[in-house]
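Examining the three-dimensional arrangement
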Amino acid sequence: MGKNITYKILEKHLMTGNLKPGSEIGIRIDQTLTQDATGTMAYLQFEAMEIDRVKTELSVSYVDHNTLQEGFENADDHRYLQTVAAKYGIYFSRPGNGICHQVHLERFGKPGRTLLGSDSHTPTGGGIGMIAIGSGGLDVAVAMGGGAFYLTCPEVIKVELAGKLRKWVSAKDVILYILSKISTNGNVNKVLEYSGEGVKTLTVPERATITNMGAETGVTTSIFPSDKITRDFLTAQKRRPDWSVLEADADAEYSSVMKIDLSKIEPMVALPHSPGNVVPVKDIAGKKVDQVAIGSCTNSSLRDLMIAGAILKGKKVSFATSLVISPGSKQVFSMISKNGILTAMIDSGARIMESTCGFCIGNGQAPATNAVSLRTNNRNFEARSGTRSAGVYLVSPEVAALSAIKGEVVDPLNAKDKRTFPKVTLPERFDIDDSMIIPPVRGRSGKLEVERGPNIGDPPKNTPLTGRLDGKIGIKVGDKITTDHIMPAGSRLKYRSNINKYSEFVFEGLDPGFASFARDLRDKNKAVFILGGESYGQGSSREHAALCPMYLGVKAVFAKSMERIHAANLVNFGILPLVFADKGDYDTLDKFDDILIENVIESFRSNKSLVINNITKGKRIEMKYALSPRQIEILVCGGLLNYTRKG
Ligand code: MIC
Ligand code: SF4
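About the thresholds
Residues numbered from 1 in each chain as written. Chains lettered and ligands numbered in written order. Predicted model: local features only at pLDDT ≥ 70, side-chain atom pairs only at ≥ 80, totals over all residues. Heavy atoms only, no water. Core = buried A, V, L, I, M, F, W, Y, C linked by side-chain atoms within 4.5 Å. Buried < 20%, exposed > 50% of the residue type's maximum accessible area, 1.4 Å probe, protein only. Helix = DSSP H or I, 4+ residues; strand = E, 2+ residues; numbered from the N terminus. Contact = heavy atoms within 4.5 Å. Salt bridge = Lys/Arg side-chain N within 4 Å of Asp/Glu carboxyl O. Near = heavy atom within 4 Å. Nonpolar A, V, L, I, M, F, W, Y, C, P; charged D, E, K, R; others polar. Polar contact = N/O pair within 3.5 Å; in protein donor to acceptor, adjacent residues only side chain to side chain. Areas by Shrake-Rupley, 256 points an atom, 1.4 Å probe, with all protein chains shown as cover. Pairing = 2+ DSSP bridges. Axes fitted to C-alpha atoms, helices over the stretch in contact; angles between N-to-C directions. Right-handed = clockwise from strand over helix to strand, strands pointing away. Parallel < 35°, antiparallel > 145°, perpendicular 65-115°, else oblique. Left-handed = near helix turned anticlockwise from the far one by under 90°. Phe/Tyr/Trp six-rings, centres within 6.5 Å; stacked < 30°, edge-to-face > 60°.

**Some words on the nonpolar core**
If you look at the biggest cluster of nonpolar residues, it comprises 106 residues, and the most contacted ones within it are Phe 507, Phe 514, Tyr 536, Phe 558, Leu 576 and Phe 604. Among the elements that take part in this core, helix 5 (residues 137–144) stands out by supplying 6 residues, more than any other. Excluding residues that lie within four positions of it along the chain, Phe 507 makes contacts with Ile 475, Val 477, Ile 481, His 485, Ile 486, Pro 512, Phe 514, Ile 530 and Tyr 536. Residues Cys 100, Ile 284, Leu 402 and Val 410 belong to the second largest nonpolar core, which totals 56 residues.

**Side note on the pattern of salt bridges**
For side chains of opposite charge, pairing can occur when their charged atoms come near one another. What the rule picks out here adds up to 39 salt bridges. The salt bridge involving Asp 433 is made with Lys 330; its shortest N-O contact spans 3.3 Å. Linking Asp 433 in the loop between helix 12 (397–406) and strand 20 (437–438) with Lys 330 in helix 10 (residues 330–338), this pair joins segments that are 103 residues apart in sequence. A residue is classified by how much of its surface remains accessible, and Lys 330, at 22% relative accessible area, is partly exposed. Shared partners join several salt bridges into a network, and the residues in it are Glu 206, Arg 303, Asp 304 and Glu 398.

**Structural notes on the site of ligand 2**
As a matter of local geometry, ligand 2 sits amid His 65, His 101, Asp 119, His 121, Ser 296, Cys 297, Cys 357, Cys 360, Ile 361, Asn 378 and Arg 384. A per-class count over the shell around ligand 2 returns 4 nonpolar, 5 polar and 2 charged.

**As for the site of ligand 1**
Within the structure, ligand 1 sits among 14 residues, and Asp 119, Ser 120, Arg 496, Ser 541 and Arg 542 are positioned closest to it. Taking His 65, its side chain carries an N or O atom lying 2.8 Å from an oxygen atom of ligand 1. Separating an oxygen atom of ligand 1 from a side-chain N or O atom of Arg 379 is a distance of 3.0 Å. Here ligand 1 has 330 Å² of accessible area as a free molecule, and 97% of this is covered by the chains.

**What to know about the sheet that holds strand 9 (residues 155–162)**
Spatial strand order, 11-10-9-12: 4 strands in an open sheet with parallel pairing. Every other strand in the sheet has two partners, leaving strand 11 (221–223) and strand 12 (256–261) as the edge strands with one partner each. Each adjacent strand pair in this sheet contributes to an overall mean axis angle of 20°, direction not counted. The pairing of strand 9 with strand 12 spans 6 bridges and is parallel.

**Examining the sheet that holds strand 24 (residues 576–580)**
Ordered in space as 21-22-23-24-27-26-25, the 7 strands form a closed barrel in which the pairing is mixed. For this sheet, the mean inter-axis angle between neighbouring strands, taken without regard to orientation, is 35°. Pairing of strand 21 (residues 469–476) with strand 22 (residues 527–531) involves 5 bridges; the strand directions are parallel. Along strand 22, the bridge assignment pairs Gly 471 with Ala 527. Contacts from helix 15 (residues 514–523) reach strand 21, strand 22 and strand 23 (554–559) within the one sheet, and its direction differs from that of strand 21 by about 175°.

**Remarks on the environment of Asp 484**
Positionally, Asp 484 belongs in helix 13 (residues 483–486). Put simply, Asp 484 and Phe 507 are 23 residues apart on the chain and 8.7 Å apart in space, counted from C-alpha to C-alpha. The contact partners of Asp 484, leaving out residues within four places of it in the chain, are Phe 381, Arg 384, Ala 489 and Arg 542. At 3.0 Å, the side chain of Asp 484 and the side chain of Arg 384 are in polar contact. At 3.2 Å, the side chain of Asp 484 forms a polar contact with the side chain of Arg 542.

**Description of the pairing of strand 3 (residues 31–35)**
For strand 3, a buried count of 5 out of 5 residues is recorded, marking the element as mostly surrounded by other parts of the structure. Side chains of strand 3 alternate between two faces, with Gln 31, Leu 33 and Gln 35 and Thr 32 and Thr 34 buried alike. The pairing of strand 3 with strand 4 (residues 58–62) spans 5 bridges and is classified as parallel. Bridge pairing in strand 4 links Thr 32 to Ser 59. Since strand 3 and strand 4 lie parallel, the crossover through helix 2 (residues 36–48) that links them has a hand, and here it is right-handed.

**Overview of the packing of helix 10 against helix 11 (residues 341–348)**
Here helix 10 crosses helix 11 at 80°, and the two axes come no closer than 4 Å. As far as their axial angle goes, helix 11 and helix 10 are roughly perpendicular. Mapping the contact onto sequence places Phe 333, Ile 336 and Ser 337 in helix 10 and Ile 341, Leu 342 and Met 345 in helix 11. Considered class by class, the residues forming the contact of helix 10 with helix 11 number 5 nonpolar, 1 polar and no charged.

**Some points on the packing of helix 9 (residues 302–312) against helix 12**
In contact at an axis separation of 9 Å, helix 9 and helix 12 are set at 25° when each is read in the N-to-C sense. When the axes of helix 9 and helix 12 are compared, the pair comes out roughly parallel. The hand of the helix 9/helix 12 crossing is right-handed. Packed against helix 9, whose contacting residues are Arg 303, Asp 304, Ile 307, Ala 308, Ile 311 and Leu 312, the element helix 12 presents Pro 397, Glu 398, Ala 401, Leu 402 and Ile 405 at the interface. Here the contact of helix 9 with helix 12 is composed, by residue class, of 8 nonpolar, no polar and 3 charged.

**With respect to the side chain of Ser 535**
On the secondary structure map, Ser 535 appears in the loop between strand 22 and helix 16 (544–551). Apart from residues lying up to four places away in sequence, Ser 535 is in contact with Asn 185, Lys 480, Ile 481, Ser 561 and Glu 563.

**Overview of the packing of aromatic side chains**
The relative placement of two aromatic rings is captured by the distance of their centres and the angle of their planes. By the definition in use, this model includes 11 aromatic pairs. Centroid distance Phe 233 to Phe 430: 5.8 Å. Interplanar angle 70°. Geometry classified as edge-to-face. Of this pair, Phe 233 sits in helix 8 (residues 228–236) while Phe 430 sits in the loop between helix 12 and strand 20, and the two are 197 residues apart along the sequence. The exposure classification of Phe 233 matches that of Phe 430, with both residues buried. Taking 5.9 Å as the distance between ring centres and 25° as the angle between the ring planes, the aromatic pair formed by Tyr 495 and Phe 505 counts as stacked.

**Considering unusual backbone geometry**
Looking along the chain, the bond that leaves Pro 272 and enters His 273 is cis, with omega of -5°. With respect to the helices and strands, His 273 occurs in the loop between strand 13 (268–270) and strand 14 (278–280). Unusually for a residue other than glycine, Ser 296 sits at a positive phi of about 80°. Assignment of secondary structure puts Ser 296 in the loop between strand 15 (291–294) and helix 9. On the basis of relative accessibility, which here comes to 1%, the residue Ser 296 falls in the buried class. Positive phi, close to 75°, is recorded for Ala 383, a residue that is not glycine. Mapped onto the fold, Ala 383 is located in the loop between strand 18 (372–375) and strand 19 (391–394).

This is the structure:
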């Protein structure tokens, strides 16, 4: 049997384990990326490992999430990140240079390489033929130190694309269509590998839109082959030598096949409050729109902004709608300013933002009360925009621009709204200017000083696991709790480097009393437990959703099911990720129930299920776990930092 692309790359990078779906493997990481909101913690952890210099082929530190600089905290973080990068051999992409995933695709991504990033949308790199995976910052710190990245060897699903997209239908609609089929749960430990004739009709940035938002399905990553189109993209980026061909063998093995005819796809939209709530745009056509936002790592490439700008050219944004646009990178920004598209946008009434995550992470541009906000980003979780009562609808740049003009949702395929598709020609060469990327200091950099502001604290330490956990359930939550629910971003982002302060906001939107309740219990030496439903921990890779609960004394999460990155982060910080053997038991537990778990370490080491005693209700409940022997030892040590130090 031949090999698929995923296994070809994994095989070349295998450090431990066997390529057998479901078993734990350790792989060598060629490249890493961090962004500022997860990066400060990752580099503090890297520093704690006392390694002289990164051991990867390439590591890049981006500043793109927190750039508003209200107060000194963000600017201090940027200064810390810049100095730590210089010292340890890391490239530093300055604030304003663009969103990490877009810039990485343009300037650094290489087919056939592995990329680990402390951001869940790292799979954007799959658009250029990389195995690109999102993880917590601590895993990235270990990879920078030359350590393996551990993951469950995935099943590979072949996504066979046929045909060609119609005018007005674009890559965003493809991934929304896939989300409508496979939803946001049940896809853990799988890879979506694209193939078929339809692949040849998609440019690299379009492929990257698809792999980027593949993250919302919960898969480990998504990947496209590296072909002539990839070569042309790299050539246009003056990186022809970085290209190599990558294709699956003709008889490659896959766990299943999903066939998609691109010509049948229509414009799609994800309704509030989940990227999996997908329907055709025509179902909501005519809905009044208060805000439109174009940008984010999903849809901010030159292609996307040129289309949006061409649609806006000569038109005005509706008086009832606010349109904001954020180009994905300085390269995109500069090129649309030279070719007149930026002028067309400004003249239409669009508000132009910096090249950052901005509105996507709720850093500004919160919509009005009960507003309808149409956005080209990848997540529309409740309150992520900064306004709990607002509904965020995820669409393509085409639908976003047309709707901004009309002030209501437009289905571009509707005959009533028929218009000529704008002709957009993409340049054969991108403008290259890497002056906003500071290369690391060559040679001996050990003496360079790292600058730390007063908001930057050491990463908190956990204590080793005890065999007996005695405490209370601190919160009971339902299904699909995202890391945005656990650890809000937006206006709280500036505390990412200050765990004592940031932990005050754990579950803020769901139960504002949780943090103080948990802290009191912790101070009485009691354990705190979290009770969750299906797909607990969906969404981002932010390890703060594990680190801050750990700091508040959380010892275990009991859930019906858990998402991959979050479960790994819980282990990294010494919190037990336990799932119900019988999901019905979830209903028998309540907030404030007294819980006792005994023989924890023995049960783990002898691979027996754990029993939780609900003292309040007098009931015993069996819990399961999917932990490798390595992860069990990490938990016993009280987390990955302690485990690594132990050597
Ligand atoms: C997100 O889109 O949720 C973020 C903000 O980029 C996160 C990372 C973070 O919380 O810093 C992610 O996707 O991992
Ligand atoms: Fe930034 Fe949004 Fe992309 Fe996250 S999803 S990296 S916040 S643009």
